Amino acid sequence: MSAALHLLITLVICTFAVRPLATARWVWRAPRTGILLWQLLALTWVLCLVGSLFAIGLSPYGTDIPSACARLFTTAAEGLSPVHISVVALGLALLVAVLVALVMSWVAVSRLRHRHRSVLALVARRDPAGREALVVDHPLAVAYCVPGLRGNVVLSSGALDMLTDEQVAAVVAHERTHLRERHDLVLLPFTVLRRLMPRIRLVALAVAAVGLLVEMRADEGACRGEHAGALSTALRRFSVLAVSPPPGTLGVADAAISARLDRIRDARPLPRVFCWLVLVTGLVLVSTPVSFLIW
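This section reports on the structure supplied with the text. Please read all numbers here as calculations on a predicted model, not as lab measurements.

Regarding its fold elements, the protein chain presents 11 helices and 5 strands. A principal-axis box enclosing the C-alpha atoms of the protein chain has dimensions of 70 × 45 × 30 Å. Looking at the protein chain as a whole, 46% of its 295 residues qualify as buried. Intrachain contacts of the protein chain at a sequence separation of at least 6 include 70% that bridge at least 24 residues. As displayed, the protein chain has an accessible area near 15200 Å², and 66% of this comes from carbon and sulfur atoms. Placing the 29 positive and 18 negative side-chain charges of the protein chain at their respective mean positions leaves the two points 5 Å apart.

Our focus in this paragraph is the pairing of strand S4 (residues 152-156). The buried count for S4 comes to 5 of 5 residues, which makes it a mostly enclosed element. The two faces of S4 match: Asn152, Val154 and Ser156 on one face and Val153 and Leu155 on the other face are all buried. As paired elements, strand S2 (residues 134-136) and S4 share 3 bridges and run parallel to each other. From the neighbouring strand, Val136 faces S4, where its bridge partner is Ser156. Relative to S4, strand S3 (residues 143-146) is paired through 4 bridges, and the arrangement is antiparallel. Within S4, the residue paired with Tyr144 across the bridge is Val154. Between S3 and S4, which pair antiparallel and follow one another directly, the connecting turn spans 5 residues, one of which, Gly148, has a positive phi of 155 degrees.

Side chains of S3 alternate between two faces, with Ala143 and Cys145 and Tyr144 and Val146 buried alike. Both S3 and strand S5 (residues 250-251) contribute to a ladder of 2 bridges, which runs antiparallel. Bridge pairing links Cys145 to Leu250 in S5.

A few words now on the side chain of Glu175. Here Glu175 is to be found in helix H6 (residues 165-180). For the buried Glu175, no salt bridge exists, and the shortest N-O distance to an oppositely charged side chain is 7.0 Å, to Arg260. Polar side-chain contacts of Glu175 include one of 3.4 Å to the backbone nitrogen of Cys145.

Trp38, Leu58 and Phe238 are the most contacted members of the largest nonpolar core, which totals 60 residues. When residues of this core are assigned to their parent elements, the largest contribution, 10 residues, is made by helix H2 (residues 31-57). Setting aside residues up to four positions removed in sequence, Leu58 forms contacts with Ile65, Ala68, Cys69, Leu72, Leu80 and Val88.

Moving on, we get to a nonpolar patch on the surface. A grouping of Leu92, Leu95, Val96, Leu99, Val100 and Met104 is seen on the molecular surface, where their side chains present a nonpolar patch of about 510 Å² in accessible area. Residue position: Val96 is located in helix H4 (residues 82-123).

This next bit is on the environment of Arg199. Structurally, Arg199 is set in the loop between helix H7 (183-196) and helix H8 (201-223). On the basis of relative accessible area, Arg199 is assigned to the exposed category, the value being 83%. Considered as a pair, Arg199 and Val214 are 15 residues apart in the sequence and their alpha carbons are 23 Å apart.

So, how was this worked out
Residues numbered from 1 in each chain as written. Predicted model: local features only at pLDDT ≥ 70, side-chain atom pairs only at ≥ 80, totals over all residues. Heavy atoms only, no water. Helix = DSSP H or I, 4+ residues; strand = E, 2+ residues; numbered from the N terminus. Buried < 20%, exposed > 50% of the residue type's maximum accessible area, 1.4 Å probe, protein only. Contact = heavy atoms within 4.5 Å. Areas by Shrake-Rupley, 256 points an atom, 1.4 Å probe, with all protein chains shown as cover. Lys, Arg positive; Asp, Glu negative; His and termini not counted. Charge placed at Lys NZ, Arg CZ, Asp CG, Glu CD. Pairing = 2+ DSSP bridges. Salt bridge = Lys/Arg side-chain N within 4 Å of Asp/Glu carboxyl O. Polar contact = N/O pair within 3.5 Å; in protein donor to acceptor, adjacent residues only side chain to side chain. Core = buried A, V, L, I, M, F, W, Y, C linked by side-chain atoms within 4.5 Å. Patch = residues over 30% accessible without salt bridge, like charges linked within 9 Å, V, L, I, M, F, W, Y side chains within 5 Å.

Spelled out as structure tokens, the structure:
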């Protein structure tokens, strides 16, 4: 039961860390570090949940989890009660559900993006100003990117009319950061967890926090080209006039505009030593379930 106890304690720590981390302001000063910490926390939580079920279900064998799993399949669950077998089956079902949901969500989003690219090939045109973007004739303001190996930034004619050239360049830089750092892949596991556990408030908090950090990281990438003032103005205008981007894309419009504007105004980075301390803490957390599940 030592493995089960360690895994359950780590699971509780991860669960209680969600709310403080979701409301923390210091993470805004290092969005990339915050994103990585959330990924480690989510991975640890899932592995601990699955691992604790395996550890409890296989506890009658009195050995480590890998050896107990090997014995389970070689002896056809001999020595396990129906309750223990049910707990192991629950852990296996949870693991399979997460993996299947990941694959299905990726396939569904990929199909949406493929159809959207097909539509863009018919109705969009290259930006006449020479920016790396596609322009769609539409009176409403919209700006988004279509992630993929060959991602596209899409702007509406309404957005071009609303913004100055410098502001458009800032928006394009924002979307290019999304594409370059594949933020769609960052958000995918959290979206899957939200679909699997729609009624759990902590999961919703985690999804919202990661979504905000992703946008802040894209803002950070855009501000590197000295577009901070232009991006702030563009965000204010989008918060009033922009429409939601199509499904399967990442758009510049976001509900937490005020938080992003605060971050742009206060662009002080988090001390590097503190960033490394945060990452080491995340690695220590994830090492607990990995050590019990592999060794």
